Amino acid sequence: ILLWEMARALRFKAELPDDFKPMDRNEFPELFVLLDEVTDALHLSPVSRVYVSDGVEAAVFVQPTLRNLYRRPQRNLVLGLALLTQLNDDELRAVMYHEFGHYVQDEINDSSYVYIVGQLSRSFVAIRNPEERMTIWKLQTRSQQMLFSYFSLWICERINRAYAGLSRQMEYAADDVAAAHVGKAVLCRALAHASAMRYNYDFARWGISCLERYGVGVRKDSLYQALSIL
C-alpha cells in the first residue's frame, strides 16, 4: 500500500496561490521584451509562464512534481503588481537579472530536489479525499503513512538546515550577476526601493483594512496609488 501511495504521489503537483494570474505576451509586450532581453543575455531558455500577483513578489520558480527527480522542471516567473507599477524599467531589469541569476548557478538544481523530496511526504495528506470514510483498515494504513511522512519530514528538515548556508551564498551570487549587467548603483537602488515598497505595501493594506472595518469602501487600485505617495 505504501508503494502504491508513492506511485500516486508522482502525480502530485504543488498548487499556485489564488492571486497568481497568467500574463499574455500580446497584452504586455513591453514586459516580455524586457524578459527576453534578460534571458537572452544570460543564455537561458524562455520561461514557461509569466504570472502577476497582488503583492511585492518577484521570483523565478518551478512548480515541480515528483517526476522532476529525473526530469528538469519548467521555469515560471511571477511579478507583483506593486513592483510593476512602482519600479522604473532599469530597476525592474535589475530585479529580473537577480532572479534569473539564480539559474546560471549549478547549485540551483540541487534546491529543486530538496523541495521535491519534501513533497513526497506532504502528498500523502494532500491527495486524500476529504469525504473519504475512515475504516479500521484505513486508519491502520494512515498510521503507517504518517510514520513514513514524519520520517521524510525529519530528513528534509535536516537537509534544509544544511542547505541554508548555501542558499545565502546563492543570493550573493545572484546579486553579482545582476550587478554585472545593470551596474551596482542600479541594483542597490532597485533593492532599496523594493524593500521600502514591501514595508509600505503592508502598511497601506493595514490602513485600508481599518477603513473597511468602519464601512469605508476602497477600490483595489487605490492601494497602488497609495504606494506611489508613500
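Here the structure is shown first, and the text comes after it.
Let me begin by describing the structure that accompanies this report. Only a predicted model underlies this, so the values are computations on that prediction, with no experimental measurement involved. (Residues numbered from 1 in each chain as written. Predicted model: local features only at pLDDT ≥ 70, side-chain atom pairs only at ≥ 80, totals over all residues. Heavy atoms only, no water.)

### Side note on the overall build of the protein chain
Where we set the bar: Put simply, DSSP marks the helices as runs of H or I at least four residues long and the strands as runs of E at least two long, and each gets a number from the N terminus on. Only protein chains enter the area calculation, which uses a 1.4 Å probe; residues under 20% of their type maximum are buried, those over 50% are exposed, and those in between are partly exposed. Note on definitions: a residue-residue contact is assigned when non-hydrogen atoms from the two residues lie within 4.5 Å. The method behind every accessible area is Shrake-Rupley, applied with a 1.4 Å probe, and residues are considered shielded solely by the protein chains displayed.
When its secondary structure is counted, the protein chain shows eight helices and four strands. Moving toward the C terminus, one meets the helices and strands of the protein chain in the order α-β-α-β-β-β-α-α-α-α-α-α. In the protein chain, which comprises 230 residues, the proportion classed as buried is 39%. Considering only residue pairs separated by 6 or more positions, the protein chain has 79% of its internal contacts joining residues 24 or more positions apart. For the protein chain, the exposed surface amounts to about 14,300 Å²; the carbon and sulfur share of it is 56%.

### Some points on the nonpolar core
Using the following cut-off: The nonpolar core is taken to be a set of buried Ala, Val, Leu, Ile, Met, Phe, Trp, Tyr and Cys residues, with the residues joined through side-chain atoms within 4.5 Å.
Ranked by internal contacts, the top residues of the largest apolar core, which has 41 residues, are Leu 35, Leu 77, Met 96 and Phe 100. The element that contributes the greatest number of residues to this core is helix α7 (residues 184–213), accounting for eight residues. When neighbours within four sequence positions are excluded, Met 96 is seen to be in contact with Leu 31, Leu 34, Leu 35, Val 38, Leu 77 and Leu 79.

### Side note on α7
The following threshold applies: Multiplying 1.5 Å by the residue count of a helix minus one yields the expected span of that helix.
With 30 residues, α7 extends 44 Å from end C-alpha to end C-alpha; this agrees with the ideal 44 Å at 1.5 Å per step. Val 186, Leu 187, Ala 190, Ala 194, Met 197, Asn 200, Tyr 201, Ala 204, Ile 208 and Cys 210 are the residues of α7 that are buried. Taken from the residues just after α7, Gly 215 is the one with a positive phi, measuring 80°.

### Description of the pattern of salt bridges
Which entries qualify depends on this criterion: Salt bridge, as used here, is a side-chain nitrogen of Lys or Arg placed within 4 Å of a carboxyl oxygen of Asp or Glu.
On inspection of all chains with the given rule, the structure shows four salt bridges. For Glu 37, the salt bridge identified is with Arg 93, shortest N-O distance 2.9 Å. In this pair, Glu 37 sits in helix α2 (residues 29–41) while Arg 93 sits in helix α4 (residues 89–101), placing the two residues 56 residues apart along the sequence. Arg 93 serves as the salt-bridge partner of Asp 90, at 3.0 Å between the closest nitrogen and oxygen. Linking Asp 90 with Arg 93, this pair stays in helix α4, spanning three residues, or about one helical turn. Residue class for Asp 90 comes out partly exposed when judged on its relative accessible area of 39%. Several salt bridges share partner residues, and in doing so they unite Glu 37, Asp 90 and Arg 93 into one network.

### Side note on the sheet that holds strand β3 (residues 58–62)
Quick reminder of the rule: In this scheme, strands are said to pair when DSSP sees at least two bridges between them. To get an axis, a line is fitted to the C-alpha atoms, and for a helix only the part in contact is used. The angle between two axes follows their N-to-C directions and goes from 0 to 180 degrees.
Pairing is mixed in the open sheet, where four strands are placed in the order β1-β2-β4-β3. This sheet does not close on itself; its edge strands, each paired only once, are β1 (21–22) and β3. The sheet contact formed by β1 and strand β2 (residues 49–53) spans two bridges and is antiparallel. Its bridge partner being in β2, Lys 21 is matched across the sheet by Val 52. The strands touched by α4 within the sheet are β3 and β4 (75–80), with β3 carrying the most contacts at an inclination of about 30°.

### Structural notes on the environment of Val 186
The topology assignment puts Val 186 in helix α7. Residues Val 186 and Arg 93 lie 93 residues apart in sequence; the distance between their C-alpha atoms is 9.3 Å. Beyond its immediate chain neighbours, meaning those up to four positions away, Val 186 contacts Asp 90, Glu 91 and Ala 94.

### Notes on unusual backbone geometry
In this model, His 43 sits at a positive phi of 60°, which is unusual for a non-glycine residue. Mapped onto the elements of the fold, His 43 is located in the loop between α2 and β2.

### Focus: the environment of Val 218
Turning to its location among the elements, Val 218 is positioned in the loop between α7 and α8 (222–229). Classification of Val 218 by relative accessible area gives partly exposed; the value is 26%. Put simply, Val 218 and Ile 208 are ten residues apart on the chain and 6.9 Å apart in space, counted from C-alpha to C-alpha. Residue contacts for Val 218: discarding those within four places in its chain leaves Ile 208 and Leu 211.

### Things to note about the packing of α2 against α4
Note the following rule: When an angle is under 35 degrees it counts as roughly parallel; over 145 it counts as roughly antiparallel; between 65 and 115 it counts as roughly perpendicular; any other value is oblique. Two helices crossing with the near one rotated counterclockwise from the far one by less than a right angle form a left-handed crossing, whereas a clockwise rotation gives a right-handed crossing. Charged residues are taken to be Asp, Glu, Lys and Arg, nonpolar residues to be Ala, Val, Leu, Ile, Met, Phe, Trp, Tyr, Cys and Pro, and polar residues to be all remaining types, Gly included.
At a minimum axis separation of 10 Å, α2 and α4 run at an interaxial angle of 45°. Here α4 runs oblique to α2, going by the angle between their axes. Considering how the two elements wind past one another, α2 and α4 form a crossing that is right-handed. Of α4, the residues touching α2 (which contributes Leu 31, Leu 34, Leu 35, Glu 37, Val 38, Thr 39 and Ala 41) are Asp 89, Leu 92, Arg 93, Met 96, Tyr 97 and Phe 100. Residue classes in the contact of α2 with α4 are distributed as nine nonpolar, one polar and three charged.

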